[in-house]
Amino acid sequence: MQIKIMPKKKCLSAGRGPLIVFLCQMISAVEVPLDLVQPPTITQQSPKDYIIDPRENIVIQCEAKGKPPPSFSWTRNGTHFDIDKDPLVTMNPGSGTLVINIMSEGKAETYEGVYQCTARNERGAAISNNIVIRPSRSPLWTKEKLEPMILRNGQPLVLPCRPPIGLPPPIIFWMDNSFQRLPQSERVSQGLNGDLYFSNVLPEDTREDYICYARFNHTQTIQQKQPISVKVISVDELNDTIAANLSDTEFYSAKPSRERPPTFLTPEGNASHKEELRGNVLSLECIAEGLPTPIIHWIKEDGTLPINRTFYKNFRKTLQIIHVSEADSGKYQCIAKNALGVIHHTISVTVKAAPYWIMAPRNLVLSPGEDGSLICRPNGNPKPKISWLTNGVPIEIASDDPSRKIDGDTIIFSNVQERSSAVYQCNASNEYGYLLANAFVNVLAEPPRILTPANTLYQVIANRPALLDCAFFGSPLPTVEWFKGAKGSALREDIYVLHENGTLEIPVAQKDSTGTYTCVARNKLGVAKNEARLEIKDPTRIIKQPEYAVVQRGGTVSFECKVKHDHTLIPTIMWLKDNRELPDDRRFTVDKDHLEVADVGDDDGGTYTCVANTTLDNVSASAVLSVVAPTPTPAPIYDVPNPPFDLELTNHLNKSVQLSWTPGDDNNSPITILDIHFAHYSGIKGSWRHKINIDNSDRTLKSKYLNITFLVSKAASHFENKPKKKRAYHMCGLLNFPEPDKKSPRLWKGLGSEPILVITWKPLNGFESNGPGLQYKVSWRQKDGDDEWTSVVVANVSKYIVSGTPTFVPYLIKVQALNDVGFAPEPAVVMGHSGEDLPMVAPGNVRVNVVNSTLAEVHWDPVPLKSIRGHLQGYRIYYWKAQSLSERSKRHIEKKILTFQGSKTHGMLPGLEPFSHYTVNVRVVNGKGEGPASPDRVFNTPEGVPSAPSSLKVVNPTLDSLTLEWDPPSHPNGILTEYTLKYQPINSTHELGPLVDLKIPANKTRWILKNLNFSTRYKFYFYAQTSAGSGSQITEEAVTTVDEAGIPPPDVGAGKGKEEWRKKIVNGSGNFFGLKGLMPGTAYKVGIGAEGNSGFVSSEDVFETGPAMASRQVDIATQGWFIGLMCAVALLILILLIVCFIRRNKGGKYPVKEKEDAHADPEIQPMKEDDGTFGEYSDAEDHKPLKKGSRTPSDRTVKKEDSDDSLVDYGEGVNGQFNEDGSFIGQYSGKKEKEPAEGNESSEAPSPVNAMNSFV
């Protein structure tokens, strides 16, 4: 048996046994589940060279994971950085990220320096890179006095820029006062240093606003240099200027600038040296002056310039080589040439290299007693120096570990024990930079565990690959084995592929691949199993495709798209127009499998595509809609003229004949046109092929070498009469003298398939041949060559094949007709091409711009037309996901293809997966096929929001706590930063209580909530977060328990008869089922059976329900709320009794009160006793505030009428006052006057009774 293993970098054992793979320990970095003890791992940190914006707070990132969760500390400039002593510095909780608040106070320059983060737990310490913090700077230009420059026409000129030194360096450009960029050319251009170079000046260069600008992108500022004035004058103007300033005895004469050979403005001399780092862009520059303007060329003395990485900028004055490597070292020569001479400059290029990884150390998980090694293998120029650290301390001064041995770039471990766990750092450095890598050694003894969810259902379309996951972990590393079927038959065919992460691949899944598969992981500590179900579905097909349609403007058209699919899948039909969504227009109606477009307009023409999608596959079909003009509205009907009659042919000459006839009746509609139809006589009825229109007075028609038949008809002013063959004269051999052809055939095209050229044309008909012996002279020659025309005369055919032509070469082609009399006029020449071949060159300079976590834009340089070797059809992008950055193991690669028509040099890649590693290449396509692929470009998509956690369970409920357990999201789409748990109580009326928000570290999968209320239902909302944001949430509900009552233990099964089995059919994809309605304290027997293709299997077990739970018994007489309520009732009764007593005494003091009662104003009549209220007590005053001492206005001022000295407070009404004789009459007023309302002020004076009324 042959077993395919992908990839091959693994140890395996193959034979006649089951499909099994033994993975080597050093395959790849190991991901330890977060619930197991492990040393810290740095997951996120700021860049090494961190330039900050001095206007914003400084955030220095440091994130790490580990078990137990690590603690963080920082060093600054090599010494401990105590953040507690600096009030502006804080550390994010559960993280090592520093936030320095300089927006409120402080300066960014104060915190410049080199920072390093350390994450530490009981298993070791990991360290970050040295993070150099520097604030960006955008200094102003130094003030300088710039004198105007006056030059003679043709002289060279350099305008200096000399921008201020900023951090990072600014971008330089030249503009005028109107902020318009100055035009540049081969004569005038900007150098790499920012200066503006003129090879020779012209009068149009005269201006006063040459301004150099420096743009500092980091701070979004632009600095401006003082304008430079340049004046270019001719020789005559210069002589006049000089003569005006000289005395009569002096003499001076300026001479015109002569043409001169080139001279380099930059660089100086004949040779120079350039040093560049590996991976950067090498930029070489040569700018020359001369008259006329020199032209620059580049060569490499000891080799050729790399085709796909070489670019010319600045009118070929700058040579750029991207992704430079050590192989690009050498001598480069720039050549400046004009009509008067040639000069050379040689630039010696040396490519150095900062350290880069050949093999970086990877995390190592070993079981006690095992051996292993860490390898740190960098490269660079010069050779990097390697140093090892353990837990952030140089290994030379670290505590000794007998299990390790250092051998250069390798640390060898033997017979490791738990104390050997640590984090090792490898530092590789040279004069151009350094690399720092953390790798831990974690000594664990763990039985196998399978990380893939159990009983996963996989659904795959037939004849496509099927991938069954089995992610696993264990220490020692387990072996993985796959079985199929309930009886445990091992996989023995050679159609299976086992990936290194345990995934089983069926390259071409068939219907018989359906079934249950079991993954088994074993090591010496145990065995773990997991089952997966595979279902194979029928592919979706379009059995009735939309068809090509032609419809008139204003009409209605319908497209049909019938789909056949697997009965278990639900398809969705989507219609597209020109590969875009349908317009948002009511004229477009989609109904099941039909698309109808009403009131069709010209814009509705195009390609309509029906796309049928299911959860597993999709298919599409397209049709073209053509919109035409509507049929003209029929003209008014008139009587048609009668056909002419008495046709007669006379005056038979060599080249003419006279046709005469008698017109028919015009039927009251004037005759405007006479149609004469004639054709070569073939003896076939209805073979009228030619027509001329003449007026009523013309009677002569010239003919050619023909046997002809004439037919005459008439047309009135409103219609055309149908031809009616009244009389016809068949004249055979009418003209006996042929002549040469007057017309050459219409040449269609010249195409070929290597190595031939196929020439086709439209042959002439008998009428056009003008005589017997029709033939064609076919001529051709290469368009770009000096060859003479090659000609051949062929018979009356429409195609000729030229063999032995080169690949895709343009040809000039002409086809000339001839007959027995002679040649037709010289035909027009058309261009065609010989046969195509596959393109030779791949697109160059492929660049990827990641737009967001699911979209990227690819750019490339076009392929030279000569290398395409055919008609350019477009460019094709191949891209695939190599692996997810959150999953270290490799996965099955599925390549995707996008084709972009024509000469486009960029395209979008949609539908990418967040936080993933992608590879892309580009190929050019012609009519023959694809060319070679460009070098693979890799890019990473940023993090996205995660999916919902895979599961959320509430276990172990108690009186005041609940335990939550969950599985991480199946698609984390990044590095999980934390979980968010929100929960709130739900009362008996299903109302939600206050929401509690809780943050949980990302490495947790279990959390205990304490201090909850007993016998209370809670609702939980749970979701994960990455740096991109929060993902979808999962919800769950659970109830805390009540107090246990003293219930005696049940008498299990005593005196009870045997009950019948109760059955319940459940979903086969689940792994649990809740039994309801059971009796407390009772023993039950439960059986579980499963039936599949292999038969029926079952198992039984016995369990006992727990004791009954009694609700909490409370003595109400001892409850505080009950006591308080009784006290409140007693107090209320006491107050009412006091009110009654006061009111009764009050009525006795004032006899006039009885009169008031007898003759009371109806508006203030007290309520009747049968109303159940007291005399002057009103509910309307219950909420009126006390007027005295009870409140003050909102502005804290006391109104005059509210003074404590006012006697109004002692009167019955608010307006009570003394009359003229000093007596107090407010108490005896028969009618109360209403005072203007002020806020919520009471309309009564606050007598004690009223005060009590208000209080009550």
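Refer to the structure presented above.
Residues numbered from 1 in each chain as written. Predicted model: local features only at pLDDT ≥ 70, side-chain atom pairs only at ≥ 80, totals over all residues. Heavy atoms only, no water.

> Break down the overall build of the chain for me, with residues and values.
Helices and strands together make up the secondary structure of the chain, namely 6 helices and 90 strands. The 1256 residues of the chain split such that 38% are buried. Accessible area of the chain: about 70,800 Å², with a carbon and sulfur share of 52%. (Helix = DSSP H or I, 4+ residues; strand = E, 2+ residues; numbered from the N terminus. Buried < 20%, exposed > 50% of the residue type's maximum accessible area, 1.4 Å probe, protein only. Areas by Shrake-Rupley, 256 points an atom, 1.4 Å probe, with all protein chains shown as cover.)

> Explain the sheet that holds strand E59 (residues 618-628) to me, using residue names and the numbers behind them.
Ordered in space as E51-E59-E58-E54-E55, the 5 strands form an open sheet in which the pairing is mixed. Strand pairing shows two members of the sheet lacking a second neighbour, strand E51 (549-552) and strand E55 (580-581), which therefore form its edges. Across 4 bridges, the pairing between E51 and E59 is parallel. Paired with Val-550 across the strands is Ser-626, a residue of E59. (Pairing = 2+ DSSP bridges.)

> Before we move on, could you go through a nonpolar patch on the surface and cite the residues and values that matter?
Taken together, the side chains of Trp-1121, Leu-1125, Met-1126, Val-1129, Ile-1133 and Leu-1137 present a nonpolar region at the surface, about 610 Å² in accessible area. With respect to the secondary-structure elements, Trp-1121 resides in helix H4 (residues 1120-1149). (Patch = residues over 30% accessible without salt bridge, like charges linked within 9 Å, V, L, I, M, F, W, Y side chains within 5 Å. Salt bridge = Lys/Arg side-chain N within 4 Å of Asp/Glu carboxyl O.)

> A description of the pattern of salt bridges should follow, citing residues and the corresponding values.
Using the criterion set out here, one finds 32 salt bridges in the structure. With a closest N to O distance of 2.7 Å, Glu-826 and Lys-814 form a salt bridge. On the criterion of sequence distance, the pair formed by Glu-826 in the loop between strand E72 (810-818) and strand E73 (830-833) and Lys-814 in strand E72 is long-range, its members being 12 residues apart. Taking the relative accessible area as the measure of exposure, Glu-826 reaches 54% and is therefore exposed. For Lys-814, a relative accessible area of 16% gives the class buried.

> Account for the state of the cysteines, naming residues and giving values.
Applying the stated criterion across every chain yields a total of 6 disulfides. The disulfide partner of Cys-161 is Cys-212, and the S-S distance across this bridge is 2.0 Å. Residues Cys-161 and Cys-212 are joined by a disulfide whose S-S torsion is about -60°; by sign, that bridge is left-handed. Of this pair, Cys-161 sits in the loop between strand E15 (157-159) and strand E16 (171-175) while Cys-212 sits in strand E19 (residues 207-216), placing them 51 residues apart in sequence. Given a relative accessible area of 0%, Cys-212 falls into the buried group. In this model, Cys-286 is linked to Cys-334 through a disulfide, with the two sulfur atoms separated by 1.9 Å. Its S-S torsion of about -65° marks the bond between Cys-286 and Cys-334 as left-handed, since a negative value means left-handed. Of this pair, Cys-286 sits in the loop between strand E24 (282-285) and strand E25 (287-291) while Cys-334 is found in strand E29 (residues 330-338), placing the two residues 48 residues apart along the sequence. Cys-286 gets classed as buried once you look at its relative accessible area, which sits at 0%. (Disulfide = S-S within 2.5 Å.)

> Break down the side chain of Thr-266 for me, citing the residues and quoting the values.
Take Thr-266: it is sitting in strand E22 (residues 260-266). Residue classification places Thr-266 among the buried positions, given a relative accessible area of 18%. Residue contacts for Thr-266: discarding those within four places in its chain leaves Tyr-197, Glu-285, Cys-286 and Ile-287. (Contact = heavy atoms within 4.5 Å.)

> Could you give an account of the nonpolar core, with specific residues and numbers?
Core analysis: the biggest nonpolar cluster contains 30 residues, and Ile-60, Trp-74 and Tyr-111 have the highest contact counts within it. Counting residues per element, the ones that place at least two in this core are strand E5 (58-60), strand E6 (62-67), strand E7 (71-76), strand E10 (98-100), strand E11 (113-121) and strand E13 (131-135). (Core = buried A, V, L, I, M, F, W, Y, C linked by side-chain atoms within 4.5 Å.)

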